[in-house]
Amino acid sequence: MHSKAFSTLFIGRPTISLDTIDSTNTYAQELLSKSNPSEGTAIFTQNQTAGKGQYGRVWVSEDTKNIAVSIILKPIFLLPKESYYLNLIAALAVSELIENYIDKEIFIKWPNDIYVKQKKISGILIENTMSNARLQSSVLGIGINVNQTDFDPNIPNPTSFVMENSHVNNCVELVNELFTLVEKYYLKLKRREYDFLYAEYDKRLYLKNSLSPFVVKGIEQNGIIRGIDKQGMLKLETKTGLLTLGLNEIQYKLS
Ligand code: BTN
């Protein structure tokens with residue numbers, strides 16, 4: 001069923017496949033600093049030894065089991081304040097990929113963790129470089145748990161394709177399918193199809209419209225996620241009104 005050939009115009013052309021690397025994002029950054037890689041250049045490995053996560057955390061992945069990929073984009077059509085759109089397209093591409101394989105509800109936990117029900121299957125780390133008040137380059141770093149079943153007990157709620165009964169033998173095919181989806185959503189962004197992108201993101205938003213516990217600016221309270229605004233901030237309804245929150249202002253208690 002998934003033996004389709006996937007082809008792209010520029011994402012994954014070329015793909016630099018490495019047997020092992022500390023971090024595909026770091027490799028991509030180095031490439032950008034010393035050469036001029038073309039837009040769409042991707043770095044792929046199944047053995048990432050020092051993966052970087054959000055908030056300076058590490059992203060741990062067992063050798064040969066999973067996918068770590070970084071895609072270099074040159075979104076010079078975006079202003080720095082529009083950089084949030086890259087989170088949207090990366091999260092949408094990964095969720096659609098997972099929806100193609102796993103027949104359960106797939107959510108995007110704001111800003112861009114991908115969940116199967118209450119469990120995290122993929123994490124995304126986007127690193128942008130600005131100059132002249134424009135985005136010059138962006139590295140979309142995507143980690144997807146595919147065949148791993150044992151996780152560090154400190155990771156709160158991990159899952160993987162195999163743990164969700166989806167058996168993938170060929171991670172290269174999976175990553176090629178991911179490239180087609182990243183390209184699809186990136187081209188929509190280039191065509192400024194914002195309403196479509198927001199609507200697709202919004203309908204997958206984790207915990208949307210359900211009263212849930214959070215820590216907001218250091219205070220534990222319940223709230224209802226209502227969506228994201230045009231800057232990508234999270235809209236949370238609380239007893240004191242509708243708050244618009246940035247990354248460091250809210251933690252989920254149901255993580
Ligand atoms: C997170 O959920 O904290 C984000 C994890 C991002 C991991 C990916 S794996 C490919 C790329 N290279 C890295 O070093 N990190 C990202």
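Note that the structure is a prediction, hence the values are computed from the model and not measured. (Residues numbered from 1 in each chain as written. Predicted model: local features only at pLDDT ≥ 70, side-chain atom pairs only at ≥ 80, totals over all residues. Heavy atoms only, no water.)

## Description of the sheet that holds strand E1 (residues 15–18)
No. 1: A sheet is described by the order of its strands in space; here seven strands give the open sequence E1-E2-E5-E9-E8-E7-E6, paired in mixed fashion. One side of each edge strand has no neighbouring strand; the edge strands of this open sheet are E1 and strand E6 (106–109). Averaged over all pairs of adjacent strands, the angle between strand axes in this sheet comes to 20°, irrespective of strand direction.
No. 2: Looking at chain direction, strand E7 (residues 113–116) and strand E8 (residues 119–131) are connected through three bridges and run antiparallel. Across the sheet, residue Ile 114 finds its bridge partner in E8, namely Ser 122. (Pairing = 2+ DSSP bridges. Helix = DSSP H or I, 4+ residues; strand = E, 2+ residues; numbered from the N terminus. Axes fitted to C-alpha atoms, helices over the stretch in contact; angles between N-to-C directions.)

## Brief notes about the site of the ligand
No. 1: Every one of the 20 residues lining the ligand counts as a neighbour, but Ser 23, Gln 48, Lys 52, Gln 54 and Lys 120 are closest to it.
No. 2: Here an oxygen atom of the ligand and a side-chain polar atom of Ser 23 are 2.7 Å apart.
No. 3: Gln 48 is positioned such that a nitrogen or oxygen atom in its side chain is 3.0 Å from a nitrogen atom of the ligand.
No. 4: Computed on the free molecule, the ligand has an accessible area of 420 Å², of which 98% lies beneath the protein chains in the complex.
No. 5: Judged by the fraction of its atoms near the pocket grid, the ligand is located in the largest pocket.
No. 6: Residue assignment for the shell around the ligand shows that the elements contributing at least two residues are helix H1 (24–34), strand E3 (51–52), strand E5 (67–73), E8 and strand E9 (134–144).
No. 7: It is E8 that contributes the most residues to the shell around the ligand, four residues altogether.
No. 8: For the shell around the ligand, the residue count by class is six nonpolar, 11 polar and three charged. (Near = heavy atom within 4 Å. Polar contact = N/O pair within 3.5 Å; in protein donor to acceptor, adjacent residues only side chain to side chain. Areas by Shrake-Rupley, 256 points an atom, 1.4 Å probe, with all protein chains shown as cover. 1 Å grid on protein atoms, 1.4 Å probe; cavity = no way out; pocket = protein on both sides within 12 Å on 5 of 7 lines; lining within 4 Å. Sits in = over half its atoms within 2 Å of the grid points. Nonpolar A, V, L, I, M, F, W, Y, C, P; charged D, E, K, R; others polar.)

Everything listed here is a matter of coordinates, which is why it stays silent on function.
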